[in-house]
Amino acid sequence: MHVSDKDRELLAILSENARMPTATIARRLGLSRTTVQARIERLEREGVIAGYGVRLAESYEKGLVKAHVLITIAPRALSRVTPELSAIREIRTLHSVSGSFDLIAVVAAASISELDLLIDRIGEIDGVEKTLSSIILSTRIDR
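Cut-off values and rules
- Residues numbered from 1 in each chain as written.
- Predicted model: local features only at pLDDT ≥ 70, side-chain atom pairs only at ≥ 80, totals over all residues.
- Heavy atoms only, no water.
- Domains from an automatic or database assignment.
- Core = buried A, V, L, I, M, F, W, Y, C linked by side-chain atoms within 4.5 Å.
- Buried < 20%, exposed > 50% of the residue type's maximum accessible area, 1.4 Å probe, protein only.
- Helix = DSSP H or I, 4+ residues; strand = E, 2+ residues; numbered from the N terminus.
- Contact = heavy atoms within 4.5 Å.
- Pairing = 2+ DSSP bridges.

Under an unreviewed UniProt entry, the name given to the chain is AsnC family transcriptional regulator, and the organism recorded is Sinorhizobium glycinis.

Written out as structure tokens, the structure is:
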């Protein structure tokens, strides 16, 4: 799959606002509207664009308590633990990592008490041996 510099610019614009009108994107890129539409369709067809999502307002996000939860799992428990973690809506992302922990979950809860319950819930999953949490105080860069 070939992604040109213009495609990368297009992807950056869509990352900012996937609902931006095609005509506006075309003006920003210096391309015709039909060319932009064709590029978007090609990027979707080739799987570069896998879907579109919702970016929450900063004012809403600021009201949430976010944390990194480092998780150690039992040997050969990953296939059992991952679906259970996936079912927890408060887990925003889950990463497999190298080092002394196996997974890092980025979680968001409405309050400290809900975060506490969430971390307990993660720790109670069969196959989870240990968790270590760090509350995110602020986000300095978010791309």
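Here the narrative resumes, following the displayed structure.
Each domain of the chain was delimited in the assignment, giving domain 1 (5-46) and domain 2 (58-135). A C-alpha centroid distance of 35 Å is found between domain 1 and domain 2.

It is worth spelling out the nonpolar core at this point. Membership of the largest hydrophobic core comes to 21 residues, with the highest contact counts inside it found for Ile-71, Leu-85, Val-107, Leu-115 and Ile-122. Listing elements by their share of this core, those giving two or more residues are strand S1 (65-73), helix H5 (78-86), strand S3 (103-109) and helix H6 (112-123). For this core, the element with the most residues is S1, which contributes five residues. Those residues in contact with Leu-115 that sit more than four places away from it in its chain are Val-65, Ala-67, Val-107, Ala-109 and Ile-135. Within the second largest apolar cluster, eleven residues are counted, among which are Leu-14, Ala-26, Leu-29 and Leu-43.

So, on to the pairing of strand S2 (residues 91-96). Strand direction decides the pairing type here: S2 and S3, joined by five bridges, are antiparallel. Looking at S3, one finds that His-95 is bridged to Ile-104. Taken together, S2 and the strand that follows it, S3, pair antiparallel across an intervening segment of six residues, in which Gly-99 is found at a positive phi of about 115°.

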